[in-house]
Amino acid sequence: MDISLLNDMHNCNISDFSNWSKIQTLISSTIPDTNLLDFAQSHESTKTKIIFADYHYYILNQFYRPSVTKRETDTDSWVRAEFHSLVINLYSALDSLAYEINLAYNFGLKPNQINIYHTHTSFQQNCIRCNIDNQNDALTALINIEFAKTWFQIFNKLRNQIVHKNLPVITIGLGGLATKITIPNDPSNTNPQYGDYSQGLEINQYSQTIRKNVVNIIEQTYPLIESRIKNRYNL
């Protein structure tokens with residue numbers, strides 16, 4: 001099977017990343033001092049993670065389109081390999097965004113303290129989400145609303161499952177055509193049965209959905225932190 005690669009990735013422009021581009025224009029017009037360089041690198045990283053996710057979807061979409069592409073022996077493994085990488089990059093884009101927020105608000109957290117999702121005890125509250133909650137502003141509302149939604153709860157479980165365990169998928173044969181490969185409603189379910197795939201989270205379409213949702217959060221965040229970026233770095 002011939003697979004083409006996504007070319008010229010370092011010059012890739014993302015059409016639905018206009019607010020990211022606005023911040024990039026703002027910071028690239030200034031010779032960065034040490035602090036701004038840290039932010040500039042994190043800002044670039046956020047976009048890079050989306051581009052890497054797009055790269056893996058570009059590959060996946062060539063050998064797996066549900067109900068269209070004929071199945072080959074290794075289709076399931078190929079799909080999971082690209083899907084795993086896509087999910088990790090999309091989740092990492094949110095962590096990279098969280099580090100941008102950390103710098104814009106001057107929270108002073110180290111990179112290893114940054115995780116966009118948190119579950120911890122009252123004795124461990126110095127994380128990015130707790131710092132955001134303490135601001136009680138528009139960004140607080142956005143983050144808490146978006147990450148309480150069902151799509152993110154599934155996405156978070158999916159990321160953790162991929163990192164720590166095998167991801168169970170179900171393969172449905174469609175005659176002589178390609179299989180339809182679906183993840184369980186709860187990706188952390190270690191022994192899913194047929195009914196546990198009832199939400200129809202088919203991998204190709206689901207990849208497009210979570211990419212759209214992640215980019216939507218990123219794009220909504222930048223207008224909310226733009227003034228803080230300007231004030232922090234005297235732009």
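See above for the structure.
Residues numbered from 1 in each chain as written. Predicted model: local features only at pLDDT ≥ 70, side-chain atom pairs only at ≥ 80, totals over all residues. Heavy atoms only, no water.

S.K.: What is the right way to read the environment of Arg80 from this model?
M.R.: Along the chain, Arg80 falls in helix α3 (residues 75–105). On the basis of relative accessible area, Arg80 is assigned to the partly exposed category, the value being 28%. Sequence separation of Arg80 and Val169 is 89 residues, and the distance between their C-alpha atoms is 8.8 Å. Those residues in contact with Arg80 that sit more than four places away from it in its chain are Leu167 and Val169. (Helix = DSSP H or I, 4+ residues; strand = E, 2+ residues; numbered from the N terminus. Buried < 20%, exposed > 50% of the residue type's maximum accessible area, 1.4 Å probe, protein only. Contact = heavy atoms within 4.5 Å.)

S.K.: What is the right way to read the pattern of salt bridges from this model?
M.R.: Side chains that carry opposite charge are capable of pairing whenever their charged atoms lie near each other. For the structure on display, the rule yields six salt bridges. With a closest N to O distance of 3.5 Å, Lys22 and Glu226 form a salt bridge. Pair noted here: Lys22 is in helix α1 (residues 18–28) and Glu226 is in helix α7 (residues 203–233), with a separation of 204 residues, a long-range link. Asp54 serves as the salt-bridge partner of Arg211, at 3.0 Å between the closest nitrogen and oxygen. In this pair, Arg211 sits in helix α7 while Asp54 sits in helix α2 (residues 34–63), placing the two residues 157 residues apart along the sequence. (Salt bridge = Lys/Arg side-chain N within 4 Å of Asp/Glu carboxyl O.)

S.K.: Just checking my understanding: could you explain the side chain of Thr182 for this structure?
M.R.: Residue position: Thr182 is located in strand β2 (residues 177–183). Of the residues examined, Thr182 reaches a relative accessible area of 3% and is grouped as buried. Apart from residues no more than four positions distant in its own chain, Thr182 is found in contact with Pro168, Val169, Ile170, Tyr197, Gly200, Leu201 and Glu202.

S.K.: Just to check I follow, could you spell out the side chain of Ser42 for this structure?
M.R.: Inspection of the secondary structure assignment puts Ser42 in helix α2. Overall, the relative accessible area of 7% leaves Ser42 in the buried class. For Ser42, the residues in contact, after removing those within four places along its chain, are Ser96, Tyr99 and Glu100.

S.K.: Whenever I open this one, the packing of aromatic side chains confuses me. Can you help?
M.R.: Two measures describe an aromatic ring pair: the distance that separates the ring centres and the angle between the ring planes. Per the stated rule, a full pass over the model turns up twelve aromatic pairs. When the centroid spacing of 4.3 Å and the interplanar angle of 55° are considered together, the rings of Phe147 and Phe152 count as tilted. Across this residue pair, the class does not change: Phe147 and Phe152 are buried. Between Phe152 and Phe155, the ring centres sit 6.2 Å apart and the planes meet at 70°, which makes this aromatic pair edge-to-face. Separated by three residues within a single helix, Phe152 and Phe155 lie in helix α6 (residues 150–164), roughly one turn from each other. Each member of the pair Phe152 and Phe155 is classed as buried. (Phe/Tyr/Trp six-rings, centres within 6.5 Å; stacked < 30°, edge-to-face > 60°.)

S.K.: Looking at this model, I keep getting lost on helix α5 (residues 138–146). Mind explaining?
M.R.: The periodicity of an α-helix, 3.6 residues per turn, causes residues three or four places apart in sequence to face the same way. Along α5, the positions that sit buried rather than exposed are Leu139, Thr140, Leu142, Ile143 and Glu146. When α5 is viewed along its axis, its buried side chains cluster within an angular range of 165° and face the same direction. Regarding α5, its N-cap is Asp137, as a side-chain oxygen of that residue lies 3.1 Å from the backbone nitrogen of Leu139 further along. (Arc of directions from axis to C-beta. Polar contact = N/O pair within 3.5 Å; in protein donor to acceptor, adjacent residues only side chain to side chain.)

S.K.: When you look at α3 in this model, what are you seeing that I'm missing?
M.R.: With 31 residues, α3 should reach 45 Å at 1.5 Å per residue; the first-to-last C-alpha distance of 45 Å fits that figure. By the criterion of burial, α3 is predominantly enclosed, with 23 of the 31 residues buried. Looking one or two places after α3, you find Asn106, whose phi comes out positive at around 60°. (Expected span 1.5 Å × (residues − 1).)

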